[in-house]
2 protein chains.
Amino acid sequence: MTIPRRRGRPPRADRSELDTRALLIRHGLELLTAQSLPATGLDAVLSRAGVPKGSFYHYFSSKAEFGQAVLAAYADYYARKLERTLERSTLPPLQRLGAFADDAAEAMARHRFERGCLVGNLAQDVGLLPEDYRAQLSAILGDWERRLADCLALARADGALPADTDCAAWARLFWIGWEGAVMRARLERSALALQQFVDGFLLALSAAPPPLAPRTPPHVQSPVDQQSR
Amino acid sequence: MTIPRRRGRPPRADRSELDTRALLIRHGLELLTAQSLPATGLDAVLSRAGVPKGSFYHYFSSKAEFGQAVLAAYADYYARKLERTLERSTLPPLQRLGAFADDAAEAMARHRFERGCLVGNLAQDVGLLPEDYRAQLSAILGDWERRLADCLALARADGALPADTDCAAWARLFWIGWEGAVMRARLERSALALQQFVDGFLLALSAAPPPLAPRTPPHVQSPVDQQSR
């Protein structure tokens, strides 16, 4: 065994390190929101980005490491989107969720419903990916859940939701179903499923008693917990 | 161009044609519920099934055709499961949905949450797959929707749901969210998301007014409709 080190030729002189890395990640985002990571060859990323393979390995040790960097960039992008739609909006809190869905519908239509959610895409293949992905995906969903729970808590404070609404439980339910709605929107090449899901969710939230008894987050097993794979 | 014909050597004499085809499909089901079709090499299916590549091409012209046969087998299997849980059960209609979820949770746990829903897995990659898949997946979801809508209509007839409940709309919402719940259960290696989703759905269904105005099913574009890919 040799000590692993950065391989590959240095980046082209006329392009800064940051630019090339950012370029690779941007093309990775475009590809990996549209198709699964195991099905995506590195060559597809490189040819789109116009970056030679040697340069790629200057920035990333493997496709798996690249995928995690793309996922981190997606999480940043999405956190900013949620900040804009759920947190800083001047709309009343519950209407912000509708605005979020409209924004997502518009973005999916702009890409002809070819791109979905990177978190959903990677979650679907989580059994094939290095174990790190599981924790990273769970952490991102946890962040989205907290942001939505805060927005619902504002609605509860305004009296738009009953005082005993379990905002964290409803936020968790939202993101569970939302991934299914994004998948269906891609399949049907239509934003209808997104709109129906959000409408149904808001209706249920306003009409229903608090959903479930307090619960602890699920135990995500470490690889060591598993008997066999 | 030559006229396409079945390639490959005939199956082994000690195994009937039906057996070999069924064996390939069974191993295809095991693999493709756990991982995406583009990421699944034919070799993985063949080595698990103990079938030589030549024999495979006696039954299927391509991996894509094989995938569609696996999907058809999954649809049959699932239709029987829904018949058993939603249609022929002696439970009251709404409790049947809980029993369906319990059954799904038990099955996912038995496979250590490595396998998900084949419809969801293939839907996630629909942009990479031959266009036929889109219609086949939509038809299967339509079948599940009708079966659940019939079950909800029984509950409505029994007075367990309001007389104006839009059973078809609620059934559609259920399957939209269910695919997200299956995805989350795999990610978390826990059935919690399935149970929470079904509990939340039943609660919303019982508490909420009919969700949405009557709607037409979304238009699934044919490839000809698309300007570009």
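Please refer to the structure placed before this passage.
Before going into details, it helps to say that this report is about the structure given with it. (Residues numbered from 1 in each chain as written. Chains lettered and ligands numbered in written order. Predicted model: local features only at pLDDT ≥ 70, side-chain atom pairs only at ≥ 80, totals over all residues. Heavy atoms only, no water.)

When you go through chain A residue by residue, the secondary structure sums to nine helices and zero strands. The secondary structure elements of chain A, listed N-terminal to C-terminal, are α-α-α-α-α-α-α-α-α. Intrachain contacts of chain A at a sequence separation of at least 6 include 72% that bridge at least 24 residues. When the accessible area of chain A is evaluated, it comes to approximately 10,300 Å², of which 55% is carbon and sulfur surface. (Helix = DSSP H or I, 4+ residues; strand = E, 2+ residues; numbered from the N terminus. Contact = heavy atoms within 4.5 Å. Areas by Shrake-Rupley, 256 points an atom, 1.4 Å probe, with all protein chains shown as cover.)

What follows is about the layout of surface pockets. All names here are of chain B. For the largest pocket, the calculated volume is near 500 Å³. Looking at the largest pocket, it is lined by 21 residues, and the ones nearest its centre are T33, Y74, Y77, H111 and G116. Contributions of two or more residues to the lining of the largest pocket are made by α1 (17–32), α4 (63–87), α5 (93–110) and α8 (167–188). Of all the elements, α4 adds the most residues to the lining of the largest pocket, at six residues. Considered class by class, the residues forming the lining of the largest pocket number 12 nonpolar, three polar and six charged. (1 Å grid on protein atoms, 1.4 Å probe; cavity = no way out; pocket = protein on both sides within 12 Å on 5 of 7 lines; lining within 4 Å. Points joined across faces, edges and corners; volume = space filled by probe spheres on them. Nonpolar A, V, L, I, M, F, W, Y, C, P; charged D, E, K, R; others polar.)

Applying the stated rule across the entire model yields nine cavities of 30 Å³ or more. If you add up the space inside the largest cavity, you get close to 200 Å³. The wall of the largest cavity is formed by 14 residues, among which F197, F201 and A204 of chain A together with F197 and F201 of chain B lie closest to the centre. Going through the elements one at a time, α8 (167–188) and α9 (192–207) of chain A together with α8 and α9 (192–207) of chain B are the ones with two or more residues in the lining of the largest cavity.

Attention now moves to the environment of L129 of chain B. Residues and elements named next belong to chain B. Looking at the secondary structure, you find L129 in the loop between α6 (118–124) and α7 (132–157). Residue class for L129 comes out buried when judged on its relative accessible area of 10%. Separated by 27 residues in sequence, L129 and R156 have C-alpha atoms that sit 39 Å apart. (Buried < 20%, exposed > 50% of the residue type's maximum accessible area, 1.4 Å probe, protein only.)

To continue, consider the nonpolar core. Judged by nonpolar contacts, the single largest core of 142 residues is most densely connected at W178 of chain A together with W178 of chain B. Leaving out residues up to four positions away in the same chain, W178 of chain A has contacts with Y78, F100, A101, A104, L194, F197 and V198 of chain A. (Core = buried A, V, L, I, M, F, W, Y, C linked by side-chain atoms within 4.5 Å.)

Let's shift gears to the environment of Q124 of chain A. Relative to the helices and strands, Q124 of chain A resides in helix α6 (residues 118–124). Here the alpha-carbon distance between Q124 of chain A and S36 of chain A, two residues 88 residues apart in the chain, equals 8.3 Å. Once residues within four sequence positions are removed from consideration, Q124 of chain A is found in contact with M183 of chain A together with G120, N121, Q124, M183 and R186 of chain B. Within the structure, Q124 of chain A has its side chain in polar contact with the backbone oxygen of G120 of chain B (distance 3.3 Å). (Polar contact = N/O pair within 3.5 Å; in protein donor to acceptor, adjacent residues only side chain to side chain.)

Taking 1.5 Å per residue as the helical rise, α8 of chain A with its 22 residues ought to reach 32 Å, and the 31 Å between its terminal C-alpha atoms agrees with that figure. Most of α8 of chain A sits inside the fold, with 21 of its 22 residues counted as buried. (Expected span 1.5 Å × (residues − 1).)

Compared with the 22 Å implied by 1.5 Å per residue over 16 residues, the 22 Å span of α9 of chain A between its first and last C-alpha is a close match. Where α9 of chain A is concerned, the buried positions are A193, L194, Q196, F197, V198, G200, F201, L202, A204 and L205 of chain A. Buried positions along α9 of chain A lie against α5 (93–110), α7 (132–157) and α8 of chain A together with α8 and α9 of chain B.

Residues and elements named next belong to chain A. Per the stated rule, a full pass over the model turns up 38 aromatic pairs over all chains. A ring pair is formed by F60 and F66, whose centres lie 5.1 Å apart and whose planes are at 70°; its orientation type is edge-to-face. On the basis of an interplanar angle of 45° and a centroid distance of 6.0 Å, the ring pair of Y74 and Y77 is categorised as tilted. Of this pair, Y74 and Y77 both sit in helix α4 (residues 63–87), three residues apart, roughly one helical turn. In this structure Y77 comes out as partly exposed when scored by relative accessible area, which is 38%. (Phe/Tyr/Trp six-rings, centres within 6.5 Å; stacked < 30°, edge-to-face > 60°.)

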